[in-house]
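Coordinates in review
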Amino acid sequence: MLSVIIITKNESAHIARCLESVAWADEIIVLDSGSEDNTVDICRRYTDKVFMTDWPGFGIQKQRAVSRATQPWILSIDADEQVTPELREEIEQAISQPHISGFEIPRLSSYCGKQIRHGGWWPDYVLRLFQREHGHFTEDLVHERIIVGGTVQRLKTPLIHEAFINPEEVLRKINSYSSLGAEKLHQAGKRTTLFQAIIKGFWTFFRTYCLKAAFLDGQQGLMLAISNAEGTYYKYLKLLDMQRNKEPKT
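Here goes a summary of the coordinates provided. From a predicted model like this one, the values you see are computed outputs, not experimental measurements. (Residues numbered from 1 in each chain as written. Predicted model: local features only at pLDDT ≥ 70, side-chain atom pairs only at ≥ 80, totals over all residues. Heavy atoms only, no water.)

Contact pair helix α5 (residues 167-187) / helix α7 (residues 218-246): the axes reach a minimum separation of 8 Å and the direction vectors enclose 45°. The orientation of α5 with respect to α7, classified from their angle, is oblique. In this structure, α5 crosses over α7, and the sense of that crossing is right-handed. In contact with Val170, Ile174, Asn175, Ser178, Ser179, Gly181, Ala182, Glu183, Leu185 and His186 of α5, α7 contributes Ser227, Glu230, Gly231, Tyr234, Lys235, Tyr236, Lys238, Leu239, Met242, Gln243 and Lys246. Residues that form the contact of α5 with α7 fall into these classes: 8 nonpolar, 8 polar and 5 charged. (Axes fitted to C-alpha atoms, helices over the stretch in contact; angles between N-to-C directions. Helix = DSSP H or I, 4+ residues; strand = E, 2+ residues; numbered from the N terminus. Parallel < 35°, antiparallel > 145°, perpendicular 65-115°, else oblique. Left-handed = near helix turned anticlockwise from the far one by under 90°. Contact = heavy atoms within 4.5 Å. Nonpolar A, V, L, I, M, F, W, Y, C, P; charged D, E, K, R; others polar.)

What follows is the structure, encoded as structure tokens:
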């Protein structure tokens with residue numbers, strides 16, 4: 001009854017643990033957009049439904065994966081996420097309820113080896129389990145959402161998320177997501193200034209570390225607040241660069 005969909009690119013550090021955690025599903029569908037490591041080889045050990053594609057953005061790519069699914073229920077997870085045995089049991093119970101269209105799952109994320117309980121990271125409910133005929137992804141370049149027609153409920157058992165395993169991955173994801181975020185803002189016609197980029201970065205740090213109490217997570221909480229601020233700052237700095245490149249030369 002269940003299809004698991006995963007999109008990948010250079011996820012060899014995570015993907016085996018992810019796939020092992022969902023090996024019990026009826027089918028696993030992987031869409032890879034040009035991995036240069038051994039991600040694809042690892043995926044093929046767990047499923048024969050591994051497809052190579054271009055990269056149109058998160059929303060479109062995940063909807064492509066949904067279109068290849070054959071089972072009535074879809075579980076969408078990222079390569080750095082894992083389903084625990086306890087969550088598996090709850091999912092199997094959930095999909096026996098045809099009157100429910102989708103389920104949000106709490107996500108417990110780790111940052112450089114520590115599970116984060118503050119800073120806006122917990123409980124982080126994400127809609128990931130839904131009936132294929134009742135849901136679809138938005139076409140957003142980044143921060144895509146699942147739109148479900150019908151009743152949505154919440155599960156209790158968390159999805160494990162290895163958000164950042166080390167500082168190198170932090171920097172890589174800051175660069176990648178800030179670029180995608182800037183492009184999304186640019187496509188929406190948003191504009192910014194250097195002053196706004198700085199202020200938004202400081203505000204993100206204050207909100208994460210103070211208002212959302214990331215300081216209670218110790219050293220990793222401080223690191224998280226700093227990297228959140230950096231990601232916001234660079235997103236708007238890149239947007240500023242796009243504005244300047246678009247303006248006519250004088």
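This paragraph deals with the packing of aromatic side chains. By convention here, two paired aromatic rings are described through the distance between centres and the angle between planes. Enumeration over the complete set of coordinates arrives at 11 aromatic pairs. Ring geometry for tryptophan 73 and phenylalanine 103: centres 6.0 Å apart, planes at 35°, overall tilted. Remark: phenylalanine 103 occurs in strand β6 (residues 102-111) and tryptophan 73 occurs in strand β4 (residues 73-76); sequence separation between them is 30 residues. In this structure tryptophan 73 comes out as buried when scored by relative accessible area, which is 2%. Residue classification places phenylalanine 103 among the buried residues on the basis of a relative accessible area of 1%. (Phe/Tyr/Trp six-rings, centres within 6.5 Å; stacked < 30°, edge-to-face > 60°. Buried < 20%, exposed > 50% of the residue type's maximum accessible area, 1.4 Å probe, protein only.)

Moving on: the pattern of salt bridges. Applying the stated criterion across every chain, the model contains 16 salt bridges. Measuring nitrogen to oxygen at the nearest pair gives 2.8 Å for the salt bridge that ties lysine 62 to glutamate 144. Within this pair, whereas lysine 62 is found in helix α3 (residues 58-68), its partner glutamate 144 is found in the loop between β9 (135-137) and β10 (146-148), the two being separated by 82 residues in sequence. Judged by its relative accessible area of 4%, lysine 62 falls in the buried class. For the salt bridge of aspartate 140 with lysine 184, the shortest nitrogen-to-oxygen distance reads 3.6 Å. Here aspartate 140, found in the loop between β9 and β10, pairs with lysine 184, found in helix α5; they are 44 residues apart in sequence, far enough to count as distant. (Salt bridge = Lys/Arg side-chain N within 4 Å of Asp/Glu carboxyl O.)

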